[in-house]
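# Summary of structural features
One letter stands for each residue in the lines below.
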Amino acid sequence: MIADYLSNIGTLTLIIHLLDILLVWVVVYKLLTLLKGTRGMQLVKGILIVIGLKIFFSFIGFTTMTYIFDQVVTWGVLGIMIIFQPELRRALEYIGRVQLSNILNLNIKKEKDNKADIISSIVETTRHMSRRRIGALLVLENYTGLDEYVESGIIINAAVSNELIINIFIPNTPLHDGAMILNKDKIRAASCVLPLSDNRSIASSYGTRHRAALGLSELTDAIVVVVSEETGKISVCQNGVLTTDFKSDGLSKYLTENWLTQKDNLLRDKSK
Ligand SMILES: Nc1ncnc2c1ncn2[C@@H]1O[C@H](COP(=O)(O)OP(=O)(O)OP(=O)(O)O)[C@@H](O)[C@H]1O
């Protein structure tokens, strides 16, 4: 049957169909990569369950349940667009920012160098601030865009340097309150306001700095490094989990293994 089909269509049509399938695969893969670790992933799971149930009820002939799930699907699309408006906006902005060189992975070497430099800056500056009990909140942007949080602070857009990071968190200076947001290239902003977590399972001794770190990590895939002003302890929040008491070696290892690792993993897979 497949052989008949292949002999009936021309080579050009076959190529077009193959390209079509490849494109669908790339789009779905990119979407899942973007959503991984965000609340959007739970949404995708929810949608798949609803669609699965709708097919199931329709298959066994439950007309009322099929009707209800039809309505859920129809109105659900509108609901999703309203509830996830910020995420949709960011996704469209992301698509607008995509560069051909990024798609073709031409920047990987440069990115790796930048990433290692930034990690070493974070490790050194947090060690320095921890010893001097300087409170700090450093956000490492991962694959989820953080534009809405950047916009809540003061835009910096400067190369990462130890001096600048420490200077910004010196108490009683204009930018020391709130979070600094960094990406793989630069310090994007300081004094940013993050969403507070209402997780009741973390110790009540943690104040708003740690709750803000945890809050952002619950909503995005960012890695947030906190230096406690009270204890000097260095903690890290990612995916809604707060891990405390990092030493420099542990922090360096953690960030290397968890920050912007998707492309590294992709390369590792390819080189196998
Ligand atoms: N929503 C927020 N977004 C960003 N930073 C915040 C937010 N709320 C509070 N902060 C920062 O946390 C500081 C207050 O920290 P607080 O003492 O309440 O927290 P903590 O978790 O006990 O930290 P520490 O151990 O450093 O005292 C503020 O001065 C501000 O810099």
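Residues numbered from 1 in each chain as written. Predicted model: local features only at pLDDT ≥ 70, side-chain atom pairs only at ≥ 80, totals over all residues. Heavy atoms only, no water.

Named according to an unreviewed UniProt entry, the protein chain is Diadenylate cyclase originating from Gemella bergeri ATCC 700627. Its UniProt record, at the heading Subunit (unreviewed entry), says of the protein chain: "Probably a homodimer." Listed in UniProt under the heading Sequence similarities (unreviewed entry), the comment for the protein chain reads: "Belongs to the adenylate cyclase family. DacA/CdaA subfamily." (UniProt positions renumbered as here; feature names shortened; annotations may be inferred.)

## Focus on the side chain of S248
Here S248 is to be found in helix α11 (residues 248-258). Apart from residues lying up to four places away in sequence, S248 is in contact with V123 and R127. (Helix = DSSP H or I, 4+ residues; strand = E, 2+ residues; numbered from the N terminus. Contact = heavy atoms within 4.5 Å.)

## Re the UniProt feature "transmembrane region" (unreviewed entry) in the protein chain
The UniProt record annotates "transmembrane region" (unreviewed entry) at residues 12-31 and 43-62. A distance of 28 Å separates the end C-alpha atoms of residues 12-31, which is 100% helix and 0% strand. The span residues 43-62 is 90% helix and 0% strand, and its two end C-alpha atoms sit 25 Å from each other.

## Describing the confidence of the model for the protein chain
This prediction gives the protein chain a mean pLDDT of 85; 82% of its residues lie at or above 70. The complex prediction reports pTM at 0.66, with the ipTM value standing at 0.96. (pLDDT = per-residue confidence, 0-100.)

## What to know about helix α4 (residues 63-83)
With 21 residues, α4 should reach 30 Å at 1.5 Å per residue; the first-to-last C-alpha distance of 29 Å fits that figure. Maximal helix bending in α4 amounts to about 35 degrees, located at G76. (Expected span 1.5 Å × (residues − 1). Bend = angle between axes of the 7 residues up to and from the residue.)

## Brief notes about the site of the ligand
What surrounds the ligand is a group of 16 residues, the closest being D177, L194, H210, S228 and E229. For the ligand, whose free accessible area comes to 640 Å², the fraction covered by protein is 78%. If you map the ligand onto the pockets, it falls in the second largest pocket. Looking at the shell around the ligand residue by residue, the class counts come to seven nonpolar, five polar and four charged. (Near = heavy atom within 4 Å. Areas by Shrake-Rupley, 256 points an atom, 1.4 Å probe, with all protein chains shown as cover. 1 Å grid on protein atoms, 1.4 Å probe; cavity = no way out; pocket = protein on both sides within 12 Å on 5 of 7 lines; lining within 4 Å. Sits in = over half its atoms within 2 Å of the grid points. Nonpolar A, V, L, I, M, F, W, Y, C, P; charged D, E, K, R; others polar.)

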